[in-house]
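Read off the chains here:
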Amino acid sequence: MTAPWSARNARRGPKQAEANDEPSPQARPIQLYCCARMRGHARGHPMPDLLIELFSEEIPARMQARAAEDLKKRVTDGLVEAGLTYAGAAALSTPRRLTLAVDGLLAESPTIREERKGPKVGAPEKAIEGFLRGAGLTRDQLEERETPKGAVYFAMIEKPGRPAAEIIAEVLEDTIRNFPWPKSMRWGAGSLRWVRPLHSILCILSDENGTSVVDLDIDGIKSGNTTRGHRFMAPQEFTVTGFDDYAAKLKRAHVVLDARERAEAIWQEATNQAFASGLDVVEDKGLLAEVAGLVEWPVVLMGAIGEEFLELPPEVLQTSMKEHQKFFSVKNPKTGRIEKFITVANRETADNGATILAGNQKVLSARLADAKFFWENDLRTAKSEAGMGAWVENLGNVTFHNKLGTQAARIDRIAALAREIAPVVGADADLAEQAARVAKADLSSEMVYEFPELQGLMGRYYAEAAGLPQEVANACEQHYSPLGPGDDVPSEPVSVAVALADKLDTLTGFWAIDEKPTGSKDPYALRRAALGVIRLVLENDVSAKLNGIVEDQVHLHESYLKLPELLDLLSEEKDAAELLGVTVKELLNIRLAIKEGRQPQLESGSAGVFDFSRYENIGATIAPETARDLLSFFHDRLKVFLRDQGIRHDVIDACIAMDGNDDLTLLVKRARALEDFLKTEDGENLLQGFKRANNILSQAEEKDGVEYSYGADRKFAEDPAEKALFDALEAGGAAISPAIEAEDFAAAMRGMAALRAPVDAFFEAVQVNAENEVLRRNRLNLLSQIRQVCGQVADLTKVEG
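Read on for a plain summary of the structure.

Calculation notes
- Residues numbered from 1 in each chain as written.
- Predicted model: local features only at pLDDT ≥ 70, side-chain atom pairs only at ≥ 80, totals over all residues.
- Heavy atoms only, no water.
- Salt bridge = Lys/Arg side-chain N within 4 Å of Asp/Glu carboxyl O.
- Helix = DSSP H or I, 4+ residues; strand = E, 2+ residues; numbered from the N terminus.
- Buried < 20%, exposed > 50% of the residue type's maximum accessible area, 1.4 Å probe, protein only.
- Expected span 1.5 Å × (residues − 1).
- Arc of directions from axis to C-beta.
- Polar contact = N/O pair within 3.5 Å; in protein donor to acceptor, adjacent residues only side chain to side chain.
- Pairing = 2+ DSSP bridges.
- Axes fitted to C-alpha atoms, helices over the stretch in contact; angles between N-to-C directions.
- Contact = heavy atoms within 4.5 Å.
- Core = buried A, V, L, I, M, F, W, Y, C linked by side-chain atoms within 4.5 Å.

Regarding the pattern of salt bridges
Close approach of charged atoms lets side chains of opposite charge pair. According to the stated counting rule, one finds 48 salt bridges in the structure shown. A salt bridge links K251 to E261; the nearest nitrogen and oxygen atoms lie 3.2 Å apart. Here the residue K251 occupies a position in helix α7 (residues 243–252), and E261 occupies one in helix α8 (residues 259–276), the gap between them amounting to 10 residues. In this structure K251 comes out as partly exposed when scored by relative accessible area, which is 25%. Accessibility expressed as a relative area gives 28% for E261, which makes it partly exposed. One salt bridge in this structure joins R410 and D505, with 3.4 Å as the shortest N-O distance. Here R410 is found in helix α13 (residues 407–425), whereas its partner D505 is found in helix α18 (residues 493–512), with 95 residues between them in sequence.

Here you go:
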């Protein structure tokens, strides 16, 4: 039998592993360190191999890989700590067993001799007795030695080596009793906890002299040299003598020990069967890993989906089969429809899986019948006169957050913000608002209630069915994106407007109620939302001043939070209505809406939503301070994003220090241009010249107690290099300022590059701190011009170097 690749290559270096991707069947499962073995045999000490198997009821698939690594780490760490080194180790798992193979283990731990210094001769008896107890010695075993501080007792402590079996038993018992399962259980009358009832422990040491069982007894479960094969196909017990024998006998007993081998076998057979029917298997690596953890002997079967379900959206079919049945979807590449499924059985049967397949198809039909019922009901609602508005109305009963109101109130805010953002991203304001109002409607649908992961996607289907514009339907699906660093970013203007509004409302809301991420916790995924805003802005080249948008939205949240306090203070309804500019009836509606946690609506048609942000007299505002803090959060996330793209942190800081840093697109363009400029020779040298000028100027200003920023006079220039610098700064300022205004940072950097030679020549030829005080002040003011001209591009004081 060919042993698992992962085990065979566990201790190889990268080159050796690559060279042996297809080893012979005779290869050892764990790479031996032959030289170490030969040295051990030369001394007459064999280096045994250790094999451990913990055999139990089925371990949940999601826990298996981590459990195998935990077993390996805890056992090997314990062995090394006790003095037992080894050549290599590999951990493997199946649904019913965790296996660890350790190769080239020392037969016994080495003897350790330790010299320990004790108290002085003549010290109190209690001190000496305490030292003797700690060392485990008697008084006559101590040695007196002269030291510079007088006679001192010394103890020579010898800890004899112990047999490997004794150490292994201790380490394995501790590992089993304290294993870090996410969830565990007790069974019977014992105190042992395991993920599922533990049935047996295989623990053997083997070398050329034979195999011995490591003696161990945990709550009545005694270690041995036996295991069992497949639960149904080969349940008989059998003995093993080492890893090779163990793996070979398990394979004959219908158990594939390596999870990766099982996954590869499943995928290969699934794609072969689909290909034979002219179909493709929909790739799903997560499902493949999970299914490989559900079977010990994978048997791949392909079944058909009932004709009545083929018109369901493919995502519904795929999600239903994956979540409920762990089936792979098989699609027709010509039509894109999912027509069949792949299931993986855990055994071979006399009828080649026909009975298993029939049972799976029956259960699947029942599941898909439910999905079809949800789909048809939802379509009727979407196509009705009320349309998706009925679902939006239902969201008035769904709390988004107890301090931020209902989902319906949130939709009102997002719709208003999307309308405001629309012109900035080139979207139609009416379409953006319409899309924002229905984007979350599918949260009330039966299909999304059953399959929450389909939110947004089902919104697109329902919007299309309702006859809404395609831009609106696409925004329903795309406004959640991007969800992660690898997720696609929407590019359609309406989708971009709604996606930005959604994320900005979330961020400003949680900042307004002071629910910000901490170092270790981010329960509302606010870092992800901020990164989503950054990617939406940058990848769509959106130039927008975030600070004003953020401040207005924070004030809206803040006003909503403070309005109940104001209304409580105004006991006279007439006074309150007059202050807010509404009728008494509308005031009562506002109070009721706030009490119920929803966005108040006005009767006066065109006004629609009650605008909290109009009322500046609702307590002291914190919006500007909160907006600055949130902008700083955006900058922190932007630093991480740009560092991953190779832009230095100090370059980013230099650009963030400039005005207009709330326009992220402009900020990134500036940072990229500066990064490229500083990589050139002109950039490097000009930076050094700038820093030299800035240091001299800063020292002089501190010493003199004045600021040298009043402009240098060319008539006091004596040296040609000094005059040339005047000319260069004048030309540079004339070139750089309009380039910055035009956001042409490449041109601004070219203007900077032209300063490099004159600045270098100036410092080489001119002494700034001249004895003539008039010349000195004039030259210091000239350095101030260098700082002012270069400072138009970025704050170069923050650039390292």
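Now that the structure is up, let's keep going.
A closer look at α8
Relative to the 26 Å expected for 18 residues at 1.5 Å per residue, α8 spans 26 Å between its end C-alpha atoms, a close match to the ideal helical length. Along α8, the positions that sit buried rather than exposed are R262, A263, I266, A270 and A274. Seen along its axis, α8 keeps its buried residues to an arc of 100 degrees; they face one direction. Exposed and facing more than 90 degrees away from the buried side of α8 are E264, F275 and A276. The residue sitting at the N-terminus of α8 and contributing the capping side-chain oxygen is D258; that oxygen lies 3.1 Å from the backbone nitrogen of R260.

Considering the sheet that holds strand β4 (residues 112–120)
In a beta sheet, neighbouring strands pair by backbone hydrogen bonds and run either parallel or antiparallel. Read from one edge of the open sheet, three strands run β4-β6-β5, paired in antiparallel fashion. Whereas interior strands pair on both sides, the edge strands pair on one side only; in this sheet they are β4 and β5 (143–147). Taking each pair of neighbouring strands and ignoring which way they run, the sheet shows an average axis angle of 35 degrees. Here β5 runs beside strand β6 (residues 150–159); their pairing, made up of five bridges, is antiparallel.

Notes on the side chain of S445
Its place among the elements puts S445 in the loop between α14 (429–438) and α15 (446–450). Of the residues examined, S445 reaches a relative accessible area of 1% and is grouped as buried. Sequence-distant contacts of S445, defined by excluding residues within four places in its chain, comprise D378, W391 and Y462.

Some words on the nonpolar core
If you look at the biggest cluster of nonpolar residues, it comprises 147 residues, and the most contacted ones within it are L507 and L674. For this core, the element with the highest residue contribution is α18, accounting for 12 residues. With residues up to four places along the chain from it excluded, the contact list for L507 reads L526, A529, A530, V533, L630, F633 and F634. Core analysis: the next-biggest nonpolar cluster, separate from the first, contains 37 residues, I52, L98, V102 and L216 among them.

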